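Each chain is listed here by its residues.
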Protein chains: 2
Amino acid sequence: MDVPSTALFTDRYELTMLQAALRSGTADRRSVFEVFTRRLPEGRRYGVVAGTGRVLDAVENFRFDSGVLDFLAAQRIVDEPTLAWLADYRFRGDIWGYPEGEVYFPGSPILRVEGTFAEAVLLETVILSILNHDSAVAAAASRMAVAAGDRPLIEMGARRTHELAAVAASRAAYVGGFTSTSDLAAGFRYSIPTVGTSAHAFTLLHDSERDAFTAQVDSLGGGTTLLVDTYDVTEAVRTAVEIAGPELGAVRIDSGDLLLLAHRVRQQLDDLGAAKTKIVVTSDLDEYAIASLAAAPVDAYGVGTQLVTGSGHPTCSMVYKLVARADEAGPDAPLRAVAKKSMGGKTSIGGRKWAARRPDADGVAEAEVVGTGPVPAELADHRLITELVRGGEVVAREPLDAARDRHAAARAGLPLSATQLSRGEPVLPTEYL
Amino acid sequence: MDVPSTALFTDRYELTMLQAALRSGTADRRSVFEVFTRRLPEGRRYGVVAGTGRVLDAVENFRFDSGVLDFLAAQRIVDEPTLAWLADYRFRGDIWGYPEGEVYFPGSPILRVEGTFAEAVLLETVILSILNHDSAVAAAASRMAVAAGDRPLIEMGARRTHELAAVAASRAAYVGGFTSTSDLAAGFRYSIPTVGTSAHAFTLLHDSERDAFTAQVDSLGGGTTLLVDTYDVTEAVRTAVEIAGPELGAVRIDSGDLLLLAHRVRQQLDDLGAAKTKIVVTSDLDEYAIASLAAAPVDAYGVGTQLVTGSGHPTCSMVYKLVARADEAGPDAPLRAVAKKSMGGKTSIGGRKWAARRPDADGVAEAEVVGTGPVPAELADHRLITELVRGGEVVAREPLDAARDRHAAARAGLPLSATQLSRGEPVLPTEYL
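Residues numbered from 1 in each chain as written. Chains lettered and ligands numbered in written order. Predicted model: local features only at pLDDT ≥ 70, side-chain atom pairs only at ≥ 80, totals over all residues. Heavy atoms only, no water.

## A short note on the packing of helix α6 (residues 124-148) of chain A against helix α7 (residues 163-176) of chain A
Residue and element names in this part refer to chain A.
Thinking step 1. Between α6 and α7, the least distance of the axes is 7 Å, while the angle of their chain directions is 45°. Between α6 and α7, the crossing angle belongs to the class labelled oblique. Crossing of α6 against α7: the hand is right-handed. Facing His133, Asp134, Val137, Ala138, Ala141, Ser142 and Ala145 of α6, the residues of α7 in contact are Ala165, Ala168, Ala169, Arg171, Ala172, Ala173 and Gly176. (Axes fitted to C-alpha atoms, helices over the stretch in contact; angles between N-to-C directions. Helix = DSSP H or I, 4+ residues; strand = E, 2+ residues; numbered from the N terminus. Parallel < 35°, antiparallel > 145°, perpendicular 65-115°, else oblique. Left-handed = near helix turned anticlockwise from the far one by under 90°. Contact = heavy atoms within 4.5 Å.)

Encoded structure:
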């Protein structure tokens, strides 16, 4: 919490590389770094870009204030000339990338950072932290949103992840298609709608379940959601409707065989005249459990653990690689493509890239096309990369709903097999031109 | 970053339960909440308590300042009487728990929060966020530390997780046995030693690998670590020793067959007279990969993704449950054990608990004993729960090294099979008295 800026969300080697480059005279060589991933998590059909808005905030706040500089000096992490350089640092380069909410595939140039080597290399760690975390959560959220169809999804995973990762996870989940969150900090920071029910502790605090329900309805009104699985579900539902009347907002079931219970509780509610009372289910749900409840009379899903941990894939494998750089300092020096070449498998393709999603005759996406030369005319209208930062100034701020809407549209433009939950290959091939 | 206190790292229902309890007159009933887990992640032999120090900070900073209260009022999350109550809130109760670094098992009462229902229920989300995240990372770190033996472990996973989760992950990794971190924010916040090497981008920035190595050695000295796998490893090692001399600190290998390369590079370094130059390996390591390199001439391991994502288990399943409460308000009202009782499987054992680790005749732990009555005399010296907060004041602050040392000692006191990496049952049974 008390890290004074985003500048320390940085691996030490970024600063020592800077120091060495300042000394060797290469620090001001114009450089292009790209963020991409060599593969999707096993079995996944598409990735979801999330965190771009947070990246823009982080770049703006990436300043070496006196607290940071004092620390670097005291720890002798870099020398005096480097400290002086850092004191004046702000990013003055350009950033382009896939807009937030867009889908991506192996090799998609998700983000491109262009500036001097010195100014661009420093951003590596914080950019990857944000994109790798947020995109992992958004990908899981997107699959859950597909499984849930029109039913709302409530993010309630704060207790299962780091307290600030939770806030970012709520944001990413919203981009991926979630409706609301239990996390008040996410409501505060990102204006995501917050919702809540109650816990077993509230029932246990009272002398009877009846007392607890009465207390909750008295205070929060009949539209509240009552938790009905502390003792006996059938008895709890009867008591709930007795106390709140048929206008009771919802009941929540948090344990047991949700499929069976949902049917039974729906029948009971209908019999009691509470036909409009909704059923919310929670309890270690993931996209498969959500899909298995598609035919059950469930009105909303609350999802925690599996959402904030990326449903088996808690991080993406995005990397930040130098793909081109000039041979000398200065903004006009020509760029040369560069790439690691050893035998280890971690090779990459050099050169500053464009990307386009080629549609077939019916307008359905059929390939992710990535290239380093000129963009073919027939792909010009299908380009994916937009300008985010120009000369250090953020030019692409947008409300979170824009990213959420963009994701829904991007997913809808993929072949139908994209939304199968079963394991498979990426739904689009990546072609290199 | 700009969430004004820890008070919003809270699920909305904590506040609405508070409101309903204030209205029903049950808010001041003395209550005992316990944190525990029903199971370890599949195959794991023990858990590691981490984050306790962060919990103490979070409890101290859990205040509803005007920014928070304005938000809650504007969003109509709670009513006026509740807002007034929150404005005066600070936790004035008691917290006991397993000290940080201690190991735990299913059912271990890891933390106990005692106070009025109102003051204790509010802390649920933030306490679970911290313990679930940090303990997951520490458990992975501990297994890696076992696999690494005496060789140092460098935490370098910041880019693979949320930027602030990364700082907490560094801290938890240090508790679990890691030696240092690449994350400057973790160095700043927790004084964990920071280290760094360099990236492929630094080599690619220069006109040749020779230029890059020269730049690095000129600036950072011959004790630096040179990255040797950008082009050809054998050639890079030769160049590295040529430039830095036999006093070269270390070389880093970040791709390829690490076992083969480590042997080959060691031989080459020795042949070049650089017998003291160390070999650092990095590249998607986990505890199994580390163990597989035990016989290789490796001097240090850098670990990223698998560490910060808990090596397959990115969160623990710790819960925060009301286990006892009074029937009326007041500090002296007797407590009654309570527990959820429905058929869903999520049942728990009521009552305020003690815990002890029973040693066998040789002093090796043989059981985790948890009870609700008096502590048997023969277990009195083996109790696990210590006082952390008394009447709202933190009484158990300690340096991070104390937790790190405690973990090493606790792990050493377990049966030998605890440190097998293979999947198995918890190494100690939990007995309930």
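## A word on the relation of the copies chain B and chain A
Thinking step 1. Least-squares fitting of chain B to chain A yields an RMSD of 0.0 Å, with the transformation described by 0.0 Å of translation along the axis and a rotation of 180°. As the rotation angle and translation indicate, the two copies are arranged about a two-fold axis. Nearest to the rotation axis, the C-alpha of B:Ala165 is located 3.0 Å from it, this being the minimum over chain B.
Thinking step 2. Looking at the interface residues of chain B, 99% of them are also at the interface in chain A, so both copies use one shared face. (Least-squares fit on C-alpha atoms with pLDDT ≥ 70 in both.)

## Observations regarding the pairing of strand β3 (residues 94-97) of chain A
Residue and element names in this part refer to chain A.
Thinking step 1. The alternating pattern of β3 places Ile95 and Gly97 on a buried face and Asp94 and Trp96 on a face that is not buried.
Thinking step 2. In this sheet, strand β16 (residues 386-390) lies alongside β3 in antiparallel orientation, the contact comprising three bridges. Its bridge partner being in β16, glycine 97 is matched across the sheet by threonine 386. (Buried < 20%, exposed > 50% of the residue type's maximum accessible area, 1.4 Å probe, protein only. Pairing = 2+ DSSP bridges.)

## Here we look at the interface of chain B and chain A
Thinking step 1. With 104 residues of chain B at the interface, the matching set in chain A holds 103 residues.
Thinking step 2. Across the interface of chain B and chain A, roughly 8,700 Å² is buried in total on both sides, 62% from carbon and sulfur atoms.
Thinking step 3. Among the residues of chain B in contact with chain A, B:Arg159, B:Leu184 and B:Leu205 are the three that bury the most area, contributing 10% of the side total.
Thinking step 4. Taken together, the links from chain B to chain A amount to 14 salt bridges.
Thinking step 5. The closest approach of N and O atoms between A:Glu124 and B:Arg159, which form a salt bridge, is 2.9 Å.
Thinking step 6. Taken together, the connections running from chain B to chain A amount to 56 residue pairs in polar contact (both at pLDDT 80 or more).
Thinking step 7. Per element, the largest residue contribution to the side of chain B that touches chain A is 11 residues, and it comes from helix α1 (residues 12-24) of chain B.
Thinking step 8. Looking at the side of chain B that touches chain A residue by residue, the classes come out as 45 nonpolar, 33 polar and 26 charged. (Buried area = accessible area lost by both parts, 1.4 Å probe. Salt bridge = Lys/Arg side-chain N within 4 Å of Asp/Glu carboxyl O. Polar contact = N/O pair within 3.5 Å; in protein donor to acceptor, adjacent residues only side chain to side chain. Nonpolar A, V, L, I, M, F, W, Y, C, P; charged D, E, K, R; others polar.)

## Details of the nonpolar core
Thinking step 1. Counting residues in hydrophobic clusters, the biggest one holds 156 residues, and the most contacted among them are A:Phe64, A:Leu72, A:Val113, B:Phe64, B:Leu72 and B:Val113.
Thinking step 2. When near neighbours in sequence (up to four residues on either side) are disregarded, A:Leu72 contacts A:Leu8, A:Leu15, A:Phe64, A:Ile77, A:Val78, A:Leu83, A:Leu86 and B:Leu184. (Core = buried A, V, L, I, M, F, W, Y, C linked by side-chain atoms within 4.5 Å.)

## Some thoughts on the sheet that holds strand β9 (residues 250-253) of chain A
Residue and element names in this part refer to chain A.
Thinking step 1. One open sheet accounts for six strands, arranged β7-β6-β11-β10-β9-β8; its pairing is parallel. The open sheet has two edge strands, β7 (180-181) and β8 (225-227), and neither has a second partner.
Thinking step 2. With three bridges connecting them, strand β10 (residues 278-282) and strand β11 (residues 300-303) associate as parallel partners. When the bridges of β11 are listed, valine 280 appears paired with alanine 300.
Thinking step 3. Sheet strands in contact with helix α12 (residues 258-271) are β9 and β10, and its direction is about 160° off that of β10.

## A look at the environment of B:Phe91
All names here are of chain B.
Thinking step 1. Along the chain, phenylalanine 91 falls in the loop between α4 (80-87) and β3 (94-97).
Thinking step 2. In this structure phenylalanine 91 comes out as buried when scored by relative accessible area, which is 2%.
Thinking step 3. It is 8.8 Å that separates the C-alpha atoms of phenylalanine 91 and leucine 123, two residues lying 32 residues apart in sequence.
Thinking step 4. The contacts of phenylalanine 91, once residues within four sequence positions are left out, are Val59, Val113, Glu114, Glu119, Ala120, Leu123, Val389 and Gly392.

## Quick notes on the sheet that holds strand β8 (residues 225-227) of chain B
Thinking step 1. Judged by pairing direction, the sheet is parallel, and its six strands sit side by side in the order β7-β6-β11-β10-β9-β8 (chain B) without closing on themselves. Both edges of this open sheet fall to β7 (180-181) and β8 of chain B, since each of them pairs with a single strand only.

## Points about the domain arrangement of chain A
All names here are of chain A.
Thinking step 1. For chain A, the assigned domains read domain 1 (6-122 + 317-413) and domain 2 (148-310).
Thinking step 2. Taken over C-alpha atoms, the centre of domain 1 sits 40 Å from the centre of domain 2.
Thinking step 3. If you look at the interface, domain 1 gives 14 residues, while domain 2 gives 14 residues.
Thinking step 4. Here domain 1 meets domain 2 over a buried area of about 1,000 Å², counting both sides, of which 52% is carbon and sulfur.
Thinking step 5. When the buried surface of domain 1 facing domain 2 is broken down by residue, Arg54, Leu400 and Arg404 rank first, second and third, together holding 57% of it.
Thinking step 6. There are two salt bridges connecting domain 1 and domain 2.
Thinking step 7. Counting every contact that joins domain 1 to domain 2 gives seven residue pairs in polar contact (both at pLDDT 80 or more).
Thinking step 8. For the side of domain 1 that touches domain 2, the elements supplying multiple residues, two or more each, are α2 (52-60) and α15 (400-412).
Thinking step 9. Residue contributions to the side of domain 1 that touches domain 2 peak at six residues, all from α15.
Thinking step 10. Looking at the side of domain 1 that touches domain 2, its residues break down into three nonpolar, four polar and seven charged. (Domains from an automatic or database assignment.)

## Quick notes on helix α3 (residues 66-74) of chain B
Thinking step 1. Within the span of α3(B), buried status applies to B:Val68, B:Leu69, B:Phe71 and B:Leu72. Around the axis of α3(B), the buried residues are gathered within 160° of arc, so they sit on the same side. Projecting away from the buried face of α3(B) at angles above 90 degrees are the exposed residues B:Ser66, B:Asp70 and B:Ala74.
Thinking step 2. Contacts made by the buried residues of α3(B) are with α8 (184-190) of chain A together with α1 and α4 of chain B. (Arc of directions from axis to C-beta.)

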